[in-house]
Amino acid sequence: MNLRRVRELCLVAAFTVVLFLGLSNLGVLLDWVRAAMSLLMPFLIGVVVAFILNRVMIWLEKRVLCRLVQGDSPKVQKRRRGLALLSTYLLLLVAILVVVCIVAPQLTTSVMTLARNMNGYLDSLSQLGAWMAQELVLPDEIYQRLTEWFSQAAAWLMQFLVDFIPRMLGTLLSVSGSIVTFVIGLVVAAHILLNKEQLLGQARRLCRAFLPRKAVASLSITGRIAVEAFGNYLSGQLLDAAIVGVCSVVGLSVLGFPYAMLIGVVMGITNIIPFYGPFIGAVPGVLLLLMVEPIRALWYIVFVVVLQQIDGNIIAPKIIGGSVGLPPLWVLFAVTVGGGIWGVPGMVFGTPLFAVIYRLLGRATRAREERQRLRRAH
């Protein structure tokens with residue numbers, strides 16, 4: 001038995017022992033993971049924020065500031081990068097102020113108004129059901145089922161809207177931990193964005209020093225694909241969702257729809273979820289308008305269809321493009337499986353994660369087919 005074979009057996013035995021110990025002490029291991037995540041939370045927030053803001057900063061640096069700050073010397077490039085980072089953070093600050101000072105108060109007012117008027121809306125819904133039963137000559141059994149469905153839908157809608165803002169704020173607070181943690185995350189993101197080339201160079205040197213050459217090549221390819229998929233997807237999807245939300249609020253307000261801010265914000269937030277997001281976001285609006293002004297619910301469906309067509313054919317291709325690199329069938333698969341495993345976060349992050357797996361499997365398949373072709377040729 002040669003030395004290489006002995007080394008492989010030792011590695012397999014060591015992995016087996018570590019796996020057994022880990023599964024035997026799973027509770028302790030999960031506590032360690034939670035403690036590590038809590039300790040590293042500012043850096044994790046910084047990495048996520050850097051991913052989201054990187055595309056905006058690159059656009060400002062290469063499309064806007066390159067005309068204002070001209071030159072290719074390292075000093076000029078450093079100054080341009082600093083101005084791009086400052087401009088990106090100013091845009092982020094403006095977005096946060098708009099949400100805190102304009103959107104959040106109007107959302108709270110809309111939910112409180114809806115809660116006060118809910119009994120009247122339920123009466124209108126009952127009258128609508130009675131009118132449908134009379135005009136359509138529905139059997140008593142179908143009428144009762146329709147009335148029960150309307151009541152359940154109204155209760156679900158009220159529960160959804162009452163919990164919507166607190167749950168959203170609770171999710172943000174649970175992710176960020178505290179204002180201090182979030183601010184530290186913003187500082188970490190600024191350092192990452194300002195020195196991203198240097199950090200990547202240090203990571204490459206570290207890998208070359210301690211890993212085999214083949215492992216370094218594989219890790220480099222995987223890292224590049226993951227950065228491209230997650231970075232482009234997160235920034236593009238959030239920007240697309242923000243545009244859909246703004247267009248929804250403006251369009252519904254201009255057309256005179258009640259609760260335009262509330263319905264538009266729900267549409268924008270749910271649009272972050274690929275494929276299912278527009279349908280999920282449209283349901284609360286339809287139910288709400290069905291209680292307030294039933295005829296408006298039909299026009300709202302038309303509005304959603306038109307807006308989603310514009311978003312799917314014009315806005316999203318220009319913002320997101322083909323950065324994910326997944327066919328529609330596999331996007332549906334990734335969202336469904338990710339949502340089934342991790343809930344809403346899985347629906348959001350399942351697509352870029354599966355895109356990385358899809359591209360790596362594609363590369364491995366092509367390489368294996370090429371080796372088989374060469375073997376057959378010889």
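Predicted model, so just to flag it, every value in this text is computed and none were measured.

**Concerning the overall build of the protein chain**
The number of helices and strands found in the protein chain is twelve helices and zero strands. When the helices and strands of the protein chain are listed from N to C terminus, the series reads α-α-α-α-α-α-α-α-α-α-α-α. Every one of the 378 residues in the protein chain was classed for burial, and the buried ones make up 32%. Within the protein chain, residue pairs in contact and separated by at least 24 positions form 73% of the contacts whose partners lie at least 6 positions apart. Summed over all atoms, the accessible surface of the protein chain reaches about 24,200 Å², with 70% contributed by carbon and sulfur.

**Observations concerning unusual backbone geometry**
Its identity is not glycine, yet tyrosine 259 carries a phi of approximately 55 degrees, on the positive side. Tracing the sequence through the fold places tyrosine 259 in the loop between helix 7 (213-254) and helix 8 (260-270). With relative accessibility at 13%, the residue tyrosine 259 sits in the buried group.

**Examining a positive patch on the surface**
Together, Arg204, Arg208, Arg224, Arg363 and Arg366 make up a region of like positive charge exposed at the surface. Counting residues per element, the ones that place at least two in the positive patch are helix 6 (196-210) and helix 12 (344-377). Given a relative accessible area of 54%, arginine 208 falls into the exposed group.

**Quick look at a nonpolar patch on the surface**
Where nonpolar side chains cluster on the molecular surface, the patch consists of Leu329, Trp330, Phe333, Val337, Ile341, Trp342, Leu353, Ile357, Tyr358 and Leu361 and spans about 970 Å² of accessible area. Per-element accounting of the nonpolar patch gives the leading share, six residues, to helix 11 (residues 328-342). Structurally, the position occupied by isoleucine 341 is in helix 11.

**What to know about the packing of helix 7 against helix 12**
Between helix 7 and helix 12, the shortest axis-to-axis distance is 9 Å and the interhelical angle comes to 145 degrees. As helix 7 packs across helix 12, the resulting crossing turns out to be right-handed. Seen from helix 7, the contacting residues are Ile221, Thr222, Ile225, Ala226, Glu228, Ala229, Phe230, Tyr233 and Leu234; seen from helix 12, they are Val348, Phe349, Thr351, Pro352, Leu353, Val356, Arg359, Leu360 and Arg363. Of the residues that constitute the contact of helix 7 with helix 12, the class distribution is 13 nonpolar, two polar and three charged.

**Some details on the environment of aspartate 123**
Relative to the assigned elements, aspartate 123 resides in helix 3 (residues 74-136). For aspartate 123, a relative accessible area of 47% gives the class partly exposed. Aspartate 123 sits 168 residues away from methionine 291 along the chain, and the two C-alpha atoms are 8.6 Å apart.

**Side note on the pattern of salt bridges**
Applying the stated rule across the entire model yields five salt bridges. The salt bridge partner of arginine 359 is glutamate 228, with a shortest N-O separation of 3.7 Å. One end of the pair, arginine 359, is in helix 12; the other, glutamate 228, is in helix 7, and 131 residues separate them in sequence. A residue is classified by how much of its surface remains accessible, and arginine 359, at 25% relative accessible area, is partly exposed.

**What to know about the environment of alanine 242**
Turning to its location among the elements, alanine 242 is positioned in helix 7. Distance from alanine 242 to valine 265, taken between C-alpha atoms, is 8.9 Å for residues 23 residues apart in sequence.

**Here's the deal with the environment of phenylalanine 275**
Here phenylalanine 275 lies in the loop between helix 8 and helix 9 (277-292). Along the chain, phenylalanine 275 and proline 328 lie 53 residues apart, while their C-alpha atoms are 8.7 Å from each other.

**Overview of the nonpolar core**
Grouped together as the largest cluster of nonpolar side chains are 27 residues, with contacts concentrated most on Leu252, Tyr259, Ile263, Leu288 and Tyr300. Secondary-structure elements contributing two or more residues to this core are helix 3, helix 7, helix 8, helix 9 and helix 10 (294-319). In this view, leucine 252 contacts Phe257, Ala260, Ile263, Gly264, Tyr300 and Phe303; residues no more than four positions away in its chain are not counted. Among the nonpolar cores identified, the runner-up in size contains 15 residues, and Ala50, Leu65, Ala189 and Leu193 belong to it.

Basis of the calculations
Residues numbered from 1 in each chain as written. Predicted model: local features only at pLDDT ≥ 70, side-chain atom pairs only at ≥ 80, totals over all residues. Heavy atoms only, no water. Helix = DSSP H or I, 4+ residues; strand = E, 2+ residues; numbered from the N terminus. Buried < 20%, exposed > 50% of the residue type's maximum accessible area, 1.4 Å probe, protein only. Contact = heavy atoms within 4.5 Å. Areas by Shrake-Rupley, 256 points an atom, 1.4 Å probe, with all protein chains shown as cover. Patch = residues over 30% accessible without salt bridge, like charges linked within 9 Å, V, L, I, M, F, W, Y side chains within 5 Å. Salt bridge = Lys/Arg side-chain N within 4 Å of Asp/Glu carboxyl O. Lys, Arg positive; Asp, Glu negative; His and termini not counted. Charge placed at Lys NZ, Arg CZ, Asp CG, Glu CD. Axes fitted to C-alpha atoms, helices over the stretch in contact; angles between N-to-C directions. Left-handed = near helix turned anticlockwise from the far one by under 90°. Nonpolar A, V, L, I, M, F, W, Y, C, P; charged D, E, K, R; others polar. Core = buried A, V, L, I, M, F, W, Y, C linked by side-chain atoms within 4.5 Å.

Any link to function would need more than the numbers given here.
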